[in-house]
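# Summary of the model geometry
Each chain, letter by letter, is given below.
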Amino acid sequence: RIESRIGKIKAEGGKTEEVEALLKTAKDKIDVARVSVTLIKSKADVAITGDLKSLYPTVREQIKKAKEDVKSAHEALVDVIRNLKPGRTEKETE
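Please read all numbers here as calculations on a predicted model, not as lab measurements.

Moving on to the side chain of Gln 62. Here Gln 62 is to be found in helix α3 (residues 52–84). What makes Gln 62 buried here is its relative accessible area of 5%. Not counting the four nearest positions on each side in its chain, Gln 62 is found in contact with Ser 36, Leu 39, Ile 40 and Lys 43.

Here you go:
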């Protein structure tokens, strides 16, 4: 939806370079968050099959990291949407 909105603004002659850069950053952060969440399962599987008591802290740290990565990705998307609101992307007046 965000990309279609950017396309619509671009078609109407609006400037979208900044929003496109923000979207790229957001996508990168989403990818990092996706990997972090996936690592939770793999670390949890290792902890379950091994010594759970000693490996639990690594799982817990991965959960914290994933939570931070998801928050960061969310904040980046909010920033993109905030910059897409009317009046935030000026039309070229040439």
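What follows is about helix α2 (residues 17–49). Across its 33 residues, α2 extends 49 Å between first and last C-alpha, which sits within 8% of the 48 Å expected from 1.5 Å per residue. The complete set of buried residues in α2 reads Val 19, Leu 22, Leu 23, Ala 26, Ala 33, Ser 36 and Ala 47. Packing partners of the buried residues in α2 comprise α1 (2–11) and α3.

Within the largest apolar cluster, nine residues are counted, these being Ile 6, Ile 9, Val 19, Leu 22, Leu 23, Ala 26, Ala 76, Val 80 and Leu 84. Contributing elements (two or more residues each) for this core: α1, α2 and α3. Ranked by residue count, the leading element in this core is α2, at four residues.

Two side chains that carry opposite charge are able to pair once their charged atoms sit near each other. Inspection of every chain in the model, using the stated rule, returns eight salt bridges. With a closest N to O distance of 2.9 Å, Lys 10 and Glu 20 form a salt bridge. Placement of the pair is Lys 10 in helix α1 and Glu 20 in helix α2, with a sequence separation of ten residues. Between Lys 64 and Glu 61 there is a salt bridge whose closest N-O contact spans 3.8 Å. Here the residue Lys 64 and the residue Glu 61 both occupy positions in helix α3, the gap between them amounting to three residues, near one helical turn. Given a relative accessible area of 39%, Lys 64 falls into the partly exposed group.

Conventions adopted
Residues numbered from 1 in each chain as written. Predicted model: local features only at pLDDT ≥ 70, side-chain atom pairs only at ≥ 80, totals over all residues. Heavy atoms only, no water. Helix = DSSP H or I, 4+ residues; strand = E, 2+ residues; numbered from the N terminus. Buried < 20%, exposed > 50% of the residue type's maximum accessible area, 1.4 Å probe, protein only. Contact = heavy atoms within 4.5 Å. Expected span 1.5 Å × (residues − 1). Core = buried A, V, L, I, M, F, W, Y, C linked by side-chain atoms within 4.5 Å. Salt bridge = Lys/Arg side-chain N within 4 Å of Asp/Glu carboxyl O.

Fair warning: the whole summary comes from geometry, so function is off the table for now.
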